[in-house]
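Structure at a glance
The residues making up each chain are set out below.
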Amino acid sequence: MGNVLELRDVKKTYKPGFIPKPKEVLKGVSFTVAEGEIFGYLGPNGAGKTSTIKCVLGLVYPDSGSIALFGRSPLDPRAKDKLGFLPENPYFYEYLTGREFLDFYAQLFRVDKAERAERIAHLLKLVDVERAADMPLRKYSRGMLQRIGLAQALINEPSFVVLDEPLGGLDPLGRKEIRDIILGLRDAGKTVLFTSHILQDIEMICDHVAIIVQGRILNQGRLSELVSEKVLFTEIAVAGVADTDLEVFGDCVSVRDGMALLKVPEEADVPKVLDLVRERGGRIHSLIPRTQTLEDIFVDTVARQ
Amino acid sequence: MTILVIARHTFKEAVRDRILYLLLFFSALSIVLARVMAVLTVGDRVKVVKDVGLASIAFFGALMAILIGTGLVYKEIEKRTIFTLISKPIRRVEFLLGKYLGLIWTLAVMLTAMTAIYLVVVFLHTFTVEFRMVLAVLFIFFELILLTAVAILFSSFSTPILSSLFALSFYLIGHFSWSLETLINKTPPGTRRTLLKVLYAVLPDLENFNIKTEVVQNLPLPAGLWLGALGYSVIYTAFVLILAVWIFRRRDFI
């Protein structure tokens, strides 16, 4: 499979204000997004995620380095023909209704009238804003704007979709729906690049991850390669056994209403704890082996920086 | 094609802006009140009705071009709607020209509405309609074509308030720069005269589009006048738009 997006050593310094104070936001960013994958782009606030995306979309010109979108310049309309984009905190034309808004964007892709009507009806249903389709966007809630924003990103049936914080402003149910739509896009053979602060979302749906901190990519790779399957420790909730007896095997993180939460670092000690509980006539409420998560990697990467 | 889609959208945006109707209302009021002013004036009442009516169309047309034009591009950047728009297969030049044409389209519709009110008021007073009055409005339209380009130019890199001030200054300078021509004629040949000539060439001369006196006073119009005004408008507008596109293509949308 080929690469949909390729960034090589992209650098950017902003010089805002009347008396410019240079601020280096990208310090040599390189990564590639392969066809058909969901690529998660992580980073703390102000790390350079949105600046990278702006370079990819041709909204900001990099000072140096190269960007190839479908093998072309990001400014080439032929490359943008196959691209869909949802910005962070989307603001759209308040005086347009949801349907008019989608129709306007569909016209920019030279979609004919009958096809436009069909696609708009399908997308309004997909993102669940059919009822508000003829309401002006100024009356939309933040979650509804996010949904109509996703619909406009898909109006041209793109093969590559860039989503900047697509799950922000949504309730848990809404987040699940949008996650399902993103997974549906991958199943339909589309490539997705998305940024999120919510690591569980990225962990749940991404194939490939890059972590950017202070304008530099510090860690990247396939999620399965980054996150180790090794058990870090086991959490056991035990009742009916004195915590002083349990502390031989690990730390008692909390003791409440006769129940102790024991953190056992050694895997070999887990059967010994179970034997002890049986012996004392106690009860096991839960036993959870904790493997490494993306959050551990993210916190570790940011802390190292 | 893309330019036309953006122009149509800009027209829709402008006609849903309340400020446009406010200006249209005041221009209509001003044109109608010209009749009341005529009653209170000593002299040729018909000339007062015609003159004040045309001046109202010119003034409110210019206000529409400046107030809406200066916000058009800036609002897209400020409200970040430009992020999604530029990510679509459109070039920045197409975006800017689409915005420009959309506003020209809006102004043409507004001028038509103001002219209709004006012609009705004049007709009720004189029971005649002269083609020369429509010609005077056409000259005002040539001026607005240029003024809109100037508003878009300032809007592509500055805030609406500053852009409005710049565009208003351009409008005022444009209507007083003709006095430089008198000064040039009175200045002896030399460096000072050359400098004045350069200044006069660079500064706009919006009086090229003012034939109100000729129309109201029934004075003969020089042959080829409209061609000269149209040519001046088109060349100056092209220069201003090229400058706007040059600035707009280079900027980052942070």
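Preceding this paragraph is the structure being described.
Numbering of residues begins from 1 in every chain and follows the order in which that chain's sequence is written. Chains and ligands are labelled sequentially in the order written, the chains with letters from A and the ligands with numbers from 1. Note on the predicted model: pLDDT of at least 70 is required for a residue's local features to be given, and 80 or more for side-chain atom pairs to be given and counted; whole-chain, interface and lining totals, by contrast, use all residues. By convention in this description, side-chain values take in all heavy atoms of the structure and omit both hydrogens and water.

**Focus on the overall build of chain B**
How we decide: Helix numbering and strand numbering both begin at the N terminus, where a helix is a DSSP run of H or I of at least 4 residues and a strand a DSSP run of E of at least 2. Computation of the radius of gyration draws on C-alpha atoms alone. For the globule rule, the value is 2.2 Å times the number of residues to the power 0.38. Remark: exposure states derive from per-residue accessible area (1.4 Å probe, protein chains only) relative to the maximum for the residue type, with buried under 20%, exposed over 50%, and partly exposed in between.
Looking only at helices and strands, chain B has eleven helices and zero strands in total. Across chain B, helices and strands are ordered from the amino to the carboxyl terminus as α-α-α-α-α-α-α-α-α-α-α. In summary, chain B has a C-alpha radius of gyration of 20 Å against a globular reference of 18 Å for 254 residues, a match within 12%. Viewed in the frame of its principal axes, chain B has a C-alpha envelope of about 60 × 55 × 30 Å. Counting across all 254 residues of chain B, residues that qualify as buried make up 50%.

**Digging into the sheet that holds strand β11 (residues 251-256) of chain A**
Residues and elements named next belong to chain A. Stated precisely, the cut-off is as follows: Pairing between strands requires that DSSP locate at least two bridges from one strand to the other. Interaxial angle, 0 to 180 degrees, is taken between N-to-C directions of lines fitted to C-alpha atoms, where a helix line uses only the stretch in contact.
If you walk across this open sheet you meet the four strands as β11-β12-β10-β13, and the pairing is antiparallel. Strands at the two margins of the open sheet, each flanked by one partner only, are β11 and β13 (283-291). When the angles between neighbouring strand axes are averaged without regard to direction, this sheet yields 15°. With six bridges joining them, strand β10 (residues 231-239) and strand β12 (residues 259-264) adopt antiparallel strand pairing. Across the sheet, the residue bridging to Thr 234 is Val 264, located in β12.

**A look at the pairing of strand β9 (residues 216-222) of chain A**
All names here are of chain A. Where strand β8 (residues 208-213) meets β9, six bridges bridge the pair, whose relative direction is antiparallel. The residue of β9 that forms the bridge with Ala 210 is Gln 220. Between β8 and β9, which pair antiparallel in sequence order, lie two residues; one of them, Gln 214, sits at a positive phi of approximately 50°.

**Concerning the nonpolar core**
Keep this limit in mind: Throughout, nonpolar core names a set of buried Ala, Val, Leu, Ile, Met, Phe, Trp, Tyr and Cys residues whose side chains join them through atoms within 4.5 Å.
In terms of nonpolar packing, the biggest core is built from 161 residues, with Leu 5, Ile 148 and Phe 160 of chain A touching the most fellow members. Judged by nonpolar contacts, the second largest core, of 13 residues, contains Ile 236, Val 238, Leu 246 and Val 277 of chain A.

**Some remarks on the sheet that holds strand β4 (residues 64-69) of chain A**
Residue and element names in this part refer to chain A. Judged by pairing direction, the sheet is antiparallel, and its three strands sit side by side in the order β2-β1-β4 without closing on themselves. Either end of the sheet is taken by a strand with one partner, and the two such strands are β2 (23-34) and β4. For this sheet the average axis-to-axis angle between neighbouring strands, irrespective of direction, equals 15°. Sheet analysis places strand β1 (residues 3-14) next to β4, joined by five bridges and oriented antiparallel. When the sheet's bridge partners are listed, Leu 7 is paired in β4 with Ile 67.

**Considering the pattern of salt bridges**
Basically, it comes down to this: Salt bridge, as used here: a side-chain nitrogen of Lys or Arg that lies within 4 Å of a carboxyl oxygen of Asp or Glu.
Under the criterion given, the structure shown has 24 salt bridges over all chains. For Arg 119 of chain A, the salt bridge goes to Glu 157 of chain A, with nearest N and O atoms at 3.7 Å. Linking Arg 119 of chain A in helix α4 (residues 113-126) with Glu 157 of chain A in the loop between α5 (142-153) and β6 (160-164), this pair joins segments that are 38 residues apart in sequence. Across the salt bridge formed by Glu 76 of chain B and Lys 99 of chain B, the nearest N and O atoms sit 2.8 Å from each other. Taken as a pair, Glu 76 of chain B in helix α3 (residues 45-78) and Lys 99 of chain B in helix α5 (residues 92-126) lie far apart in primary sequence, 23 residues in all. Taking relative accessible area as the criterion, Glu 76 of chain B reaches 1% and is therefore assigned buried. What emerges from the salt-bridge pattern is a single network uniting Glu 13, Lys 75, Glu 76 and Lys 99 of chain B.

**A short note on the pairing of β11 of chain A**
Side-chain direction in a regular strand flips from residue to residue, so the side chains alternate between the two faces of the sheet. Residues and elements named next belong to chain A. Sheet topology places β11 next to β12; five bridges connect them, and they run antiparallel. When the sheet's bridge partners are listed, Ser 254 is paired in β12 with Leu 261. Turn length for the β11-β12 hairpin, with the two strands adjacent in sequence and antiparallel, is two residues, and the turn residue Asp 257 shows positive phi of about 50°.

**Observations concerning the packing of α5 of chain B against helix α6 (residues 131-155) of chain B**
Residues and elements named next belong to chain B. Rule in force here: Note that the term roughly parallel is reserved for angles under 35 degrees, roughly antiparallel for angles over 145, roughly perpendicular for angles of 65 to 115, and oblique for everything else. Definitions for this section: a left-handed crossing has its near helix turned counterclockwise from the far helix by less than a right angle. A right-handed crossing has that turn clockwise. Whether two residues are in contact is decided by their heavy atoms: any pair within 4.5 Å suffices. In this classification, the charged set is Asp, Glu, Lys and Arg, the nonpolar set is Ala, Val, Leu, Ile, Met, Phe, Trp, Tyr, Cys and Pro, and all remaining amino acids, among them Gly, are polar.
At a minimum axis separation of 10 Å, α5 and α6 run at an interaxial angle of 150°. The angle between the axes of α5 and α6 places the two elements in the roughly antiparallel class. You can see that α5 and α6 cross each other, and the crossing is right-handed. Taken together, the residues of α6 that come into contact with α5 (itself represented by Leu 96, Lys 99, Tyr 100, Leu 103, Ile 104, Leu 107, Ala 108, Leu 111, Thr 115, Tyr 118, Leu 119 and Val 122) are Met 133, Val 134, Val 137, Ile 140, Phe 141, Leu 144, Ile 145, Thr 148, Ala 149 and Ile 152. Partitioning the contact of α5 with α6 into residue classes produces 19 nonpolar, two polar and one charged.

**Remarks on the side chain of Lys 49 of chain A**
All names here are of chain A. Test applied: In summary, the charge assignment counts Lys and Arg as positive and Asp and Glu as negative, without counting His or the chain termini. Nitrogen and oxygen atoms within 3.5 Å of one another constitute a polar contact, given that in protein one can donate a hydrogen and the other can accept it, and given that sequence-neighbouring residues count only through two side-chain atoms.
Positionally, Lys 49 belongs in helix α1 (residues 49-57). Despite its burial, Lys 49 pairs with no opposite charge, the nearest such side chain being Glu 165 at 4.4 Å. Within the structure, the side chain of Lys 49 is placed 2.7 Å from the backbone oxygen of Gly 43, a separation counted as a polar contact. Apart from the residues lying within four places of it in its own chain, the contact partners of Lys 49 are Tyr 41, Leu 42, Gly 43, Pro 44, Glu 165, Thr 195, His 197 and Ile 212.

**What about the packing of aromatic side chains?**
Two measures describe an aromatic ring pair: the distance that separates the ring centres and the angle between the ring planes. Here is the rule: Within 6.5 Å between ring centres, the rings of Phe, Tyr and Trp (the latter by its six-membered ring) count as paired, and their orientation is classed by plane angle as stacked under 30 degrees, edge-to-face over 60, tilted in between. Either the NZ atom of lysine or the CZ atom of arginine qualifies as a charge over a ring when it sits within 6 Å of the ring centre and within 35 degrees of the ring normal.
The final tally for this structure, using the stated rule, is 21 aromatic pairs over all chains. Both rings, one in Phe 154 of chain B and one in Phe 157 of chain B, keep their centres 6.2 Å apart while their planes meet at 70°; by these two values the pair is edge-to-face. Grouped by ring-pair contacts, the aromatic residues Phe 92, Tyr 93, Tyr 95, Phe 101, Phe 104 and Tyr 105 of chain A constitute a single cluster. Lys 82 of chain A extends its terminal NZ or CZ atom over the ring of Phe 70 of chain A, reaching a point 4.4 Å from the ring centre. The residue whose ring lies beneath Lys 263 of chain A is Phe 233 of chain A, and the NZ or CZ to ring-centre distance is 4.5 Å.

**A look at the interface of chain A and chain B**
Threshold: Defined here as a combined quantity, buried area equals the accessible surface (1.4 Å probe) lost by two parts on assembly, summed across both.
Every contact between the two is made by 27 residues of chain A and, on the other side, 29 residues of chain B. Buried area between chain A and chain B, both sides added, is near 2,900 Å², and the carbon and sulfur share of it is 60%. By the criterion of area lost to chain B, the three top residues of chain A are Leu 59, Tyr 95 and Leu 108 of chain A, representing 23% of everything that side buries. At the junction of chain A and chain B, the tally comes to three salt bridges.

**Let's talk about the packing of helix α1 (residues 2-15) of chain B against α3 of chain B**
All names here are of chain B. Put simply, α1 and α3 touch, their axes get as near as 12 Å, and they point 115° apart. With respect to α3, the axis of α1 lies roughly perpendicular. Both α1 and α3 take part in a crossing whose hand is right-handed. Of α3, the residues touching α1 (which contributes Thr 10, Glu 13 and Ala 14) are Ile 68, Leu 72, Lys 75 and Glu 76. In the contact of α1 with α3, the residues fall into three nonpolar, one polar and three charged.

**Side note on unusual backbone geometry**
For Phe 70 of chain A, which is not a glycine, the phi torsion comes out positive at approximately 55°. Here Glu 157 of chain A, not a glycine, exhibits a phi torsion of approximately 50°, which is positive.

By themselves these figures say nothing about function.
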